[in-house]
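Listed below are the residues making up each chain.
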Amino acid sequence: MCRNLSKYTLIFLILALSGFIFLLRNIHTVENWNCHTISALYQLQSRIQSSFIPAGLPTFYHNRTFCAHLGQKPSPEDVLEERYLLDSIAWPVPPSRSAPTALRQTSDPVHSLFAILPSKAGREWHVGDQLEVLVQMHDFQGQPKHYGGDFLLARLHTLERGAGVAGVVLDHKNGFYSALFPLLWVGSAQVEITMVHSSEAVAVLRRLREERPDRVFFKSLFRLGFLSETTVCNMCLPPDQQPLCNYTDLHTGEPWYCYKPKMLSCDSRINHAKGGYLKHLITNKEALLFQSGVNIKVPIHASGTDRINVLPSRTDKVDVESSSIKPEPIKLAPSGYYYEDSWRPLGGVTMRQFNESSAITQCLKNKVINMYGDSTVRQWFEYLIALVPELKEFNLHSPKNVGPFMAVDSTHNILLKYRCHGPPIRFSTVMSSEMRYISNELDGLSGGPNTVVVLSIWAHFSTFPVEVYIRRLRHIRQALVRLMDRAPGTLVVIRSANLQALDQEVSLYNSDWYSQQLDSVLRAMFKGLNVLQVDAWQMSVAHHLPHALHPPPPIVKNMIDMLLSYVCPEKKKSQ
């Protein structure tokens, strides 16, 4: 009896143990199945949400203050500066009409014309003189325009000599414009006037900037284990649509928000990315104002000749064959000009030619170069590591075209770094942990005579009211002042905005008019500060190559030569 009982007990224990093992294995399988199912469902939900994000975006208040005046409360001095800056970039507005202006009544570059005005000496011009050109705008019916506001570009160039200079355009607000050029080289020179946008198109761009800061939208992925959700993010989101996650920077007060995920916490955000561009922002009539080859970046022709012959300077009786002569001080002097495809700055510093990688290496020896900003300064990083074989890129496993990036030349003790600026940034995907504001990064630098800081921040701010850009630059400026106070030898170089290729779609988000407005603000805000500038705007206007957001190599080379000339200025010859 006992022997049988012990045999049954053993069998029972084996069966119980087998059942327990089977149960454990099934529970693990069910848990895996449940997690994967839930994850798949949420990923599907996120994809569906992402697919319909444009249609489901909230309606923004058509009030610029909603977006522009977020963040920390500005001081009375900041308010005064902001008002001054906004007044300085105020643009003439077309007369108000009861109905939208018909295309035939808007500016037409084909019907418009320009004329070269005689000099004081008649039709004779010398190096050092100033050339004036008068532009008259007409509509598509050939009728003269009687108000201003058109966005024009002016260039004087000699293609055979690789020479070019940007002109200054003055709006007389009556349909007439003056374009002024300094005469900087001897020989034939051709005037080129281009209408980038009509005044009516600029009015549409201004309205979009003030009323639709959501026309480029962003998104973030939230994840916890197998669960993931994607929501819309932006600098300003209507607070009454759904709960928000507040990612406002604690140090600068720079605002940034995402809609709160339904199932996850705000702390589970893992990345930031461009969501896309909203469509159907303008009416069919307004769309006619943005036609490639019709009224976007179309040249205006001369009523007579578009060329002049420039004689040597009146003070230069001997060296008639001098290729280029520094002019007398002139009104509205540009920052520089091209001659023989080389940029020649006017005042400040002599630009050196860094044609060999060894010259660049010697210049940057024992230097730490910190580059912060958008992809236009990342282009400089890429240019340098491609040109200088000793600069070896250190693999940080960063996403392509996003960063951060780092290159090292251990032999010459050179460290080159790039990091993108904080939101808004329209890169593909940036990890949340890598989203840093430039001002905070500057506060973390020791600085000193072997430290170079290079900044470029403009391209991603074109869709926001200008006040947003002013606030960002103010924080950067304050951080630069702190940096130079604690490390006076630190070299700071700022790259300005540049022109780019435009069609209808690009114009609504990244028009050169937006860039020009931001560039004017940037120059004003850093004026008087001990910072140097690479004038990418004039370097792209004056060059004969097509405009591009990322300028072609010949222009970038001149920009890099300018940067390196600041780092390693030409030594003055002893008397």
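See the structure printed just above.
Residues numbered from 1 in each chain as written. Predicted model: local features only at pLDDT ≥ 70, side-chain atom pairs only at ≥ 80, totals over all residues. Heavy atoms only, no water.

A cis amide bond, omega 5 degrees, links G403 with the succeeding residue P404. Position of P404 relative to the elements: it lies in the loop between β19 (392-394) and β20 (405-409). The peptide bond linking P423 to P424 adopts the cis configuration, its omega dihedral lying at 5 degrees. Backbone geometry places K173, a non-glycine residue, at a positive phi of 65 degrees. Within the fold, K173 resides in the loop between β6 (168-171) and β7 (176-182). For K173, a relative accessible area of 58% gives the class exposed. In this model, N413 sits at a positive phi of 60 degrees, which is unusual for a non-glycine residue. Tracing the chain through its elements places N413 in the loop between β20 and β21 (414-420). (Helix = DSSP H or I, 4+ residues; strand = E, 2+ residues; numbered from the N terminus. Buried < 20%, exposed > 50% of the residue type's maximum accessible area, 1.4 Å probe, protein only.)

Let us look at the packing of aromatic side chains. Considering all chains together, one arrives at ten aromatic pairs under this definition. By the ring-pair criterion, three or more aromatic residues cluster together here, those being W91, F151, W513 and Y514. Here the basic side chain of R378 rests over the ring of F427, its NZ or CZ set 5.6 Å away from the ring centre. (Phe/Tyr/Trp six-rings, centres within 6.5 Å; stacked < 30°, edge-to-face > 60°. Lys NZ or Arg CZ within 6 Å of the ring centre and 35° of its normal.)

Strand order in the open sheet formed by seven strands is β19-β20-β21-β18-β23-β24-β25, and the pairing between neighbours is mixed. Each end of this open sheet is capped by a strand with a single partner; those strands are β19 and β25 (532-534). Mean inter-strand twist for the sheet, computed between neighbouring axes without regard to direction, equals 20 degrees. (Pairing = 2+ DSSP bridges. Axes fitted to C-alpha atoms, helices over the stretch in contact; angles between N-to-C directions.)

Right, let's get into helix α12 (residues 512-526). Between its terminal C-alpha atoms α12 stretches 21 Å, which fits the 21 Å expected from 15 residues at 1.5 Å a residue. Among the residues making up α12, those that are buried are D512, W513, Y514, S515, Q517, L518, D519, V521, L522, M525 and F526. Directly beyond the C-terminal end of α12, a positive phi value near 90 degrees is found at G528. (Expected span 1.5 Å × (residues − 1).)

For the rest of this paragraph, the subject is the pattern of salt bridges. Applying the stated criterion to the full structure yields 22 salt bridges. With a shortest N-O distance of 3.2 Å, K145 and E200 are connected by a salt bridge. Placement of the pair is K145 in the loop between β3 (130-139) and β4 (151-158) and E200 in helix α5 (residues 199-211), with a sequence separation of 55 residues. A single burial state applies to K145 and to E200, both of which are buried. Its salt-bridge partner being K279, residue E505 comes within 2.7 Å of it at the nearest N-O pair. Taken together, the residues E505 in helix α11 (residues 504-510) and K279 in the loop between β13 (271-277) and α6 (284-287) connect sequence positions 226 residues apart. Each of the salt bridges in this network shares a partner with another, and the network as a whole consists of D78, E81, R474 and R477. (Salt bridge = Lys/Arg side-chain N within 4 Å of Asp/Glu carboxyl O.)

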